Amino acid sequence: GSLGNRVVVATYCAFAAPLAPLWALPVIAGGLLVTNSYVGLVAGVLGLSLAHPAWIPWIGGAVGLLAPFMIWWRGNPVDSLTGRYQTWRLCAATLWGGPRRQLWFGLGPGAIVRLSRWWSVRGWIGQFYRQAHNDLLEATLEYGLIGAAAVLWWAASIGRHLVGGDPLAGAFVAMAAAMLLQFPA
């Protein structure tokens, strides 16, 4: 299935790449290429590089060959990054500008959808976002600093067991990288 969005497909390709057998990597690389997601590509490269450090020169060469094609096809990512940055600023301002209870406990599930609708109608953001394009920030907005602490504690409890050359470590790093600029969670 499509999982509903090309960038979601790209992030799952990135998560799968470090875990994949060698024969499946061309299929996953093809998936990353056709989804045309910068975040998916970066997450996949980071995950594969951690899972297979000896492949770094080959990965770098492949990215060097394919990145110009992807940039030509997709275009400049500045508009997308600018929209995300503006949304992140508004999320932070909403949290910090509200009552202390809101800062600690958040605005509740689905807050980003309600706020994004409000911001887009007023022209504060260029488009309506259903996600914050940063899972940690969205968790903080919806569940406050306590929710963010829980997510970070979970990540730290896993992260302390990661080692280079481990495919699970590569998949985790790919996931963490994608979560900072996308919404795989």
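Cut-off values and rules
- Residues numbered from 1 in each chain as written.
- Predicted model: local features only at pLDDT ≥ 70, side-chain atom pairs only at ≥ 80, totals over all residues.
- Heavy atoms only, no water.
- Patch = residues over 30% accessible without salt bridge, like charges linked within 9 Å, V, L, I, M, F, W, Y side chains within 5 Å.
- Areas by Shrake-Rupley, 256 points an atom, 1.4 Å probe, with all protein chains shown as cover.
- Salt bridge = Lys/Arg side-chain N within 4 Å of Asp/Glu carboxyl O.
- Helix = DSSP H or I, 4+ residues; strand = E, 2+ residues; numbered from the N terminus.
- Axes fitted to C-alpha atoms, helices over the stretch in contact; angles between N-to-C directions.
- Parallel < 35°, antiparallel > 145°, perpendicular 65-115°, else oblique.
- Left-handed = near helix turned anticlockwise from the far one by under 90°.
- Contact = heavy atoms within 4.5 Å.
- Nonpolar A, V, L, I, M, F, W, Y, C, P; charged D, E, K, R; others polar.
- Buried < 20%, exposed > 50% of the residue type's maximum accessible area, 1.4 Å probe, protein only.
- Lys, Arg positive; Asp, Glu negative; His and termini not counted.
- Phe/Tyr/Trp six-rings, centres within 6.5 Å; stacked < 30°, edge-to-face > 60°.

Undergrad: Whenever I open this one, a nonpolar patch on the surface confuses me. Can you help?
TA: Taken together, the side chains of Val34, Phe69, Trp72 and Trp73 define a hydrophobic patch exposed on the protein surface, amounting to about 490 Å² of accessible area. The dominant element in the nonpolar patch, judged by the number of residues it contributes, is helix α4 (residues 56–74), at 3 residues. Structurally, tryptophan 72 can be placed in helix α4.

Undergrad: Honestly, the packing of helix α5 (residues 78–97) against helix α7 (residues 111–121) in this entry has me stumped. Any pointers?
TA: Pairs of packed helices are described in terms of their axes, by the angle between the two and the distance that separates them. Interhelical geometry of α5 versus α7 gives an angle of 110 degrees and a closest axis separation of 11 Å. For the element pair α5 / α7, the angle class is roughly perpendicular. Crossing geometry of α5 relative to α7 is assigned as right-handed. Every residue of α7 that contacts α5 at Thr87, Leu90, Cys91 and Thr94 is listed here: Ile112, Leu115 and Trp119. Grouping the amino acids of the contact of α5 with α7 by side-chain chemistry returns 5 nonpolar, 2 polar and no charged.

Undergrad: Mind showing me how you'd approach the side chain of glutamate 142 here?
TA: Among the structural elements, glutamate 142 can be located in helix α8 (residues 135–159). Buried glutamate 142, no salt bridge; nearest opposite-charge side chain is arginine 114, N-O distance 7.1 Å.

Undergrad: Would you take a moment to explain the environment of glycine 165 for this structure?
TA: Take glycine 165: it is sitting in the loop between α8 and α9 (167–181). Residues glycine 165 and alanine 51, 114 residues apart in the sequence, show an inter-C-alpha distance of 4.3 Å. Residues in contact with glycine 165, not counting those within four places in the same chain, are Leu50, Ala51 and Pro53.

Undergrad: Mind showing me how you'd approach unusual backbone geometry here?
TA: Excluding glycine, a negative phi dihedral is what most residues carry, and trans is how most peptide bonds are arranged. Of note in this structure, asparagine 36 is not a glycine but carries a positive phi near 55 degrees. Along the chain, asparagine 36 turns up in the loop between α2 (25–35) and α3 (38–51). Here the phi dihedral of histidine 133 falls at roughly 60 degrees; this positive angle occurs in a residue that is not glycine. Mapped onto the elements, histidine 133 comes out in the loop between α7 and α8.

Undergrad: Looking at this structure, I do not really get the environment of threonine 140. What am I missing?
TA: For threonine 140, the location among the structural elements is in helix α8. Sequence separation between threonine 140 and leucine 181 is 41 residues, and the spatial gap between their C-alpha atoms is 15 Å. Those residues in contact with threonine 140 that sit more than four places away from it in its chain are Leu95, Gly106, Leu145 and Ala148.

Undergrad: Can you help me understand the packing of aromatic side chains in this one?
TA: The description of an aromatic ring pair rests on the distance of the ring centres and on the angle between the ring planes. Within the structure shown, the criterion is met by 4 aromatic pairs. For the ring pair tyrosine 12 and phenylalanine 15, a centre distance of 5.2 Å and an interplane angle of 80 degrees mean the geometry is edge-to-face. Pair noted here: tyrosine 12 and phenylalanine 15 are both in helix α1 (residues 6–16), with a separation of 3 residues, about one helical turn. Residue classification places tyrosine 12 among the partly exposed positions, given a relative accessible area of 36%. Overall, phenylalanine 15 belongs to the buried group, its relative accessible area being 14%. Pairing phenylalanine 69 with tryptophan 72 gives two aromatic rings, centres 5.9 Å apart and planes at 35 degrees, and the pair type is tilted. Here the residue phenylalanine 69 and the residue tryptophan 72 both occupy positions in helix α4, the gap between them amounting to 3 residues, near one helical turn.

Undergrad: What's the story with the packing of α5 against α8 in this structure? I'm lost.
TA: Here α5 crosses α8 at 30 degrees, and the two axes come no closer than 10 Å. Here α8 runs roughly parallel to α5, going by the angle between their axes. Helix-helix and strand crossings are classified by hand; for α5 and α8 the assignment is left-handed. Contacts between α5 and α8 involve Trp88, Cys91, Thr94 and Leu95 on the former and, on the latter, Leu137, Thr140 and Leu141. The class makeup of the residues in the contact of α5 with α8 is 5 nonpolar, 2 polar and no charged.

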